[in-house]
Protein chains: 2
Amino acid sequence: MVQKESHDHVNDTDLDNVEVISIKDQVISQAVQRPPAKSLLQTFSTTSKETLFPDDPFRHFRNKPSHRQAIMLMQYFFPILDWLPKYKLGFLKNDFIAGITTASLSIPQGIAYAKLANLPPVVGLYSCFLPPMVYAIFGSSRDLAVGPAAVISIVLGTLIREDLGPEVTDPRAHLSLAFTSTFFAGLFQFSLGFLRLGFVIDFLSHAATVGFVAGVAVAVCLQQMRGILGIQNFTKKSDVVSVLHSIFRDPAHWNWRTVVIGICFLTFLLGMRQISKRNKKLFWLSAIAPVTSVFLATVCVFATHANEHLSIVGQLRKGINPPSFKELHLTGPLVSKAMKNGVIVAIIGLMEAIAVGRTFASIKNYHIDGNKEMIAFGMVNMTGSCMSCYITTGAMSRTAVNNSAGCKTSLSCIFMALIVMVTLLALTPLFHYTPNVILSVIIFSALITLIDPVEAYHIWKVDKIDFLACLGAFLGVCFQSIQLGLLIAVAISIGKILLHVSRPHTATLGKIAGTSIYRSIEQYPKAVRIPGVLIVRIDASIYFSNSNYIRERLTRYIEEEQGRDKLPGESALKYLILDLTPVMTIDTSGLHVLGEILRNLNLMEMQLVLANPGAEVIERLHRGGFVDILGQRWIFLTVDDAVHYCSMQLPRDNNVDNHEDVSECDVIVQIIPKFGL
Amino acid sequence: MVQKESHDHVNDTDLDNVEVISIKDQVISQAVQRPPAKSLLQTFSTTSKETLFPDDPFRHFRNKPSHRQAIMLMQYFFPILDWLPKYKLGFLKNDFIAGITTASLSIPQGIAYAKLANLPPVVGLYSCFLPPMVYAIFGSSRDLAVGPAAVISIVLGTLIREDLGPEVTDPRAHLSLAFTSTFFAGLFQFSLGFLRLGFVIDFLSHAATVGFVAGVAVAVCLQQMRGILGIQNFTKKSDVVSVLHSIFRDPAHWNWRTVVIGICFLTFLLGMRQISKRNKKLFWLSAIAPVTSVFLATVCVFATHANEHLSIVGQLRKGINPPSFKELHLTGPLVSKAMKNGVIVAIIGLMEAIAVGRTFASIKNYHIDGNKEMIAFGMVNMTGSCMSCYITTGAMSRTAVNNSAGCKTSLSCIFMALIVMVTLLALTPLFHYTPNVILSVIIFSALITLIDPVEAYHIWKVDKIDFLACLGAFLGVCFQSIQLGLLIAVAISIGKILLHVSRPHTATLGKIAGTSIYRSIEQYPKAVRIPGVLIVRIDASIYFSNSNYIRERLTRYIEEEQGRDKLPGESALKYLILDLTPVMTIDTSGLHVLGEILRNLNLMEMQLVLANPGAEVIERLHRGGFVDILGQRWIFLTVDDAVHYCSMQLPRDNNVDNHEDVSECDVIVQIIPKFGL
């Protein structure tokens, strides 16, 4: 109340009668306000909205007639209804060219990635046909090229091999578990999006992902040595040690034909990529290089009858996707394993798709709704699993090609799918003589780009703990297993949050001479302490997990301050000002600790002063009865107000110097706005 | 550089030449400083110190001669060396009386709690003898009465019963697993303290603990109905439904003798407690009530030969603790279960002991070091497990009695232990005829106090999610099992942290008229927006888990601001000022997102401006190369500086009004320090 009055007082005065305001009134400029009261229901709905709908996807619907809202709702769930009616004929050429280019990359990659997942090559082609069409209906990215991707393929393949154990070698069991896992992945993706829980994928940090992906890339590249060196008897394990052992166990068994083909085409692919990198206009060189390699290698093998000496892809079934819902096992002993696989590949797939989608949306300046994308991928994978497709996502390399080729809308995806369809209907016999080594080379050249030491160095430079997560995930994948790597990545990421939350930063503040600004003494060594007053800023919300730490830290600050050598005549420490600006919320444990601090300070004949508590904090301090104990007059709007008030209460003799200094400096800076601004 | 110069400029000027400073110079008062550079090793050691030694326990050691340091180190690890030499003879009477009073409560409670853990009653007495003596050597609390406690006893008993399964009824297997679990509990407690990882116990929030303890109390109280009603055939399950079913299945089998004895003594115990509560001087009434009840009930049973009709304690072995290290199973199939039990009871035990210890330390104004206490309890339980004691901790009720009885030092614990020793050596035959019903009554009356609806209401009032954790833990324990309750408590507590971290609070700021203060418009409805400028404060560190959210939220703020009805002549939104005061740190994901925001703003022809980044943030912005992209000149020390600078860049016509208003008000408030302060 006192503060409220003085606040009005200050506002009502003018320059002439400033001198008659009592000193007490001068320093208390504003009271800390409780936010307007809200009912429990209001609080709940606000919180839910901020948690689940931070992007407020329906904000454009307001103030629209209801039939318009219905159309917008349809367009929201089926984005194709939004862009197709607006489609300009001029886009058609762009989309068609982009479709052809992307298809020429998709077909060899699709076959190769299906092999990576231990599935028949034709399943990779199926997965390049249906999923892009479904995505074109539900997805909101204009650039994403949907299809099989390297990381999820190897993850799914590894998981299934572990589930079935080394003794089960029936490819049909493998296929059936792959479809079932894909179905659950789709269901999980759909549920995440529909329940607006998309933020769970944010819990894998960027750094951990970099390490994880690099680890997978290293492991997979090494595994491709099997194909390139033509080794027959190879380990089933995925860790680097076993794989290296398999490679170098018996160099005599390396197949010189595959080595020659491998090295030639690897040089060709990497060379084309280098050219494309240097000259952006030649991007199509690296895009069509894989299909060219496949064509050349196949022709070579066919012409030289080399198929007797190296393994080839063999018979591919003609015709488009056969239905596969009969192979989904939604009951039985493997269901829980399929669910687990589904969750893992769903999350990895979404992370890739959404990261890629956002990157290109940001380049073209349109918006991607993460939760809506999850619904789209859920639909893609659920439909796919019923039509002989395995898990698909938005693949980085093909999306980049799609974008470079000038795609305008998802129609390019449909064109791509149609070309894959033509391939499936008519061209599959052509792949009969394709040597497997060429698929290994394509995988190798695609995955080698996922190893990003520059980014790892950047992470090291910026944040050491992030680097630890990156390194942990990398080593976990390389030397143990993909699951362990993922587990390490998540554990370090969440552990870091918890550590930060339980050991929040605190800083003692000092006044920057000549201003009314208070800043960390550590960061601004020129900031000066105020005699008799200790100012501490708490840089985090006060929770059960850090409240004990905060109490101990404050006790130490006070002891250190009391132990400092005093200037002659300087008064003892009388006030502890807590700057609560960064404190977003406080829970019951925090209130307990604040109460203890208050009691301990009183025992030491010191006074606790709070500065600038936020809306939620002041509300809870009131509701918890803390304000009644502390007294409203010890809560200030700014640190400066609090310092002025406290300084006045200190014995006068040792404060005169300080105050004169302060006022003089203040005037210099604060007089400025009078002139012209 | 520009800012640095202007900063010096402002400081060098005096009132006379203020008018000649260019407008640009006037508004930029201070540059944001990078903190002094630190080497990796320095950073690492600072971080480790803040994480593991926040209380800096060895700070008093500095600047002391080395022999003094050696003595202090011994005193640190053996606090008895600190207080015993300083002991005053005047304390002896207080400690002795406190010891007797506490012993009179400990003996019946010890017997009763051992039964709660399904252990022979004499083990409860053993656990009241050795552990307090060991604690007196290692512990730093002057008040803690160490011994068996209700919650850990029931938890240990339940866990062991589950481990052994219903078919194993061999009491020796039970005892042996109890000792082994106690040993691992001690080892875990010791390791936590020694590795300074005590903060892990902070992850069980106050609210969750309240719910968990209340749930345990309800479950245990209901179970005591078995003893009070004299039911023979009782469920082994601990959930409320099974227990209630057992109680009311067959009221005909209730034993009227036990019911009469039970009701009489329960009334007596609760009555004494009420009297003690009303009159603090009569605290000893409730302290000696249990032992009186035991005495009276035993005499009654002995005199009336009622032992034929109700169950009695029976033969107790005479003599002090026999060694039990031969019964510790450190190998074999049960070791992993013993470890799991050990970890659970260790954490619950520490939470109780440290909470109780801190409460009384705070009352008497001395300091408790949590990690040191953990070492002490680790020693207590490891020694105890080798000498026939089961898990012990600092019990709330006995500590309160010890304190009320006027204890001065841990010597009261030693006196208590000596009295228990006398009991063990000479008085155990007296307990032969003690009816079990009286033990149930003692447990019932002790546990009923742990149900605290007032605190639950307080939690509800302050924090709804805390209340959810409280309720979840309560219901989990009541209706399922102790482990589930604990799991719910931890999951909700950590889930809350993660939710808060991934959905941080953000606020649009406005200027409080007549000041240079910027506050949340939601909290301070009078705060006014600055035309053409959007000011957003981010109230948390920017992590991988919230960086996407922050981008989406900012996008929405900008769209909302652009969609607002403009005043005539008001300029379009040109600047986004991010107040980074509460942002303690930023990781690589955060930097990525900041970069994206910057690019998106540039596409919209807007400018990103940062205000007051903290030491770690500015350091990382530099190291991540973000400052180079943004430009140092767009980073300001205060929001006010940033606003002034931005406002000046906006088209002049629509700003004149606003600025004149601002400057006039500013002068009124800012002129104040000139007068007298």
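This one's a predicted model, so the numbers in the text were calculated from it and none came from an experiment.

Things to note about the packing of helix α20 (residues 464–479) of chain B against helix α21 (residues 482–502) of chain B
All names here are of chain B. The geometry of α20 relative to α21 is characterised by a closest axis approach of 7 Å and an angle of 165° between their N-to-C directions. By the angle class used here, α20 and α21 are roughly antiparallel. The chirality of how α20 crosses α21 is right-handed. Of the residues in α21, those touching α20 at Ile465, Leu468, Ala469, Gly472, Ala473, Gly476 and Val477 are Ile482, Leu484, Gly485, Ile488, Ala489, Ile492, Ser493 and Lys496. Residues that form the contact of α20 with α21 fall into these classes: ten nonpolar, four polar and one charged.

Focus: helix α15 (residues 370–386) of chain A
Since the α-helix packs 3.6 residues into each turn, any two residues three or four apart lie on the same face. All names here are of chain A. With 17 residues, α15 extends 25 Å from end C-alpha to end C-alpha; this agrees with the ideal 24 Å at 1.5 Å per step. Within α15, 15 of the 17 residues are buried, leaving the element largely enclosed by the surrounding structure. With its phi angle positive at about 65°, Ser388 sits one or two positions after the end of α15.

Description of the sheet that holds strand β3 (residues 506–511) of chain A
Residues and elements named next belong to chain A. Pairing is mixed across the open sheet formed by six strands, whose spatial order is β4-β3-β5-β6-β7-β8. A single partner strand is all that each edge strand has here, and the edge strands are β4 (518–520) and β8 (635–636). Sheet topology note: the strand β7 (residues 607–611)/β8 ladder contains two bridges and is parallel. Bridge assignment links Leu610 to a residue of β8, and that residue is Ile635. Together, β3, β5 (533–538) and β6 (575–579) form the strand contacts of helix α22 (residues 544–563), whose direction differs from that of β5 by roughly 150°.

Observations regarding the pairing of β7(A)
Residue and element names in this part refer to chain A. Across the five residues of β7, four count as buried, placing the element largely inside the fold. Where β6 and β7 come together, five bridges link them in parallel fashion. Looking at the pairing, Leu576 lines up with Leu608 of β7. One crossover worth recording links β6 to the parallel β7 by way of helix α23 (residues 588–603), and it is right-handed.

About the cut-offs
Residues numbered from 1 in each chain as written. Chains lettered and ligands numbered in written order. Predicted model: local features only at pLDDT ≥ 70, side-chain atom pairs only at ≥ 80, totals over all residues. Axes fitted to C-alpha atoms, helices over the stretch in contact; angles between N-to-C directions. Helix = DSSP H or I, 4+ residues; strand = E, 2+ residues; numbered from the N terminus. Parallel < 35°, antiparallel > 145°, perpendicular 65-115°, else oblique. Left-handed = near helix turned anticlockwise from the far one by under 90°. Contact = placed C-beta atoms within 7 Å. Nonpolar A, V, L, I, M, F, W, Y, C, P; charged D, E, K, R; others polar. Expected span 1.5 Å × (residues − 1). Buried ≥ 20, exposed ≤ 12 C-beta atoms within 10 Å, placed from the backbone. Pairing = 2+ DSSP bridges. Right-handed = clockwise from strand over helix to strand, strands pointing away.

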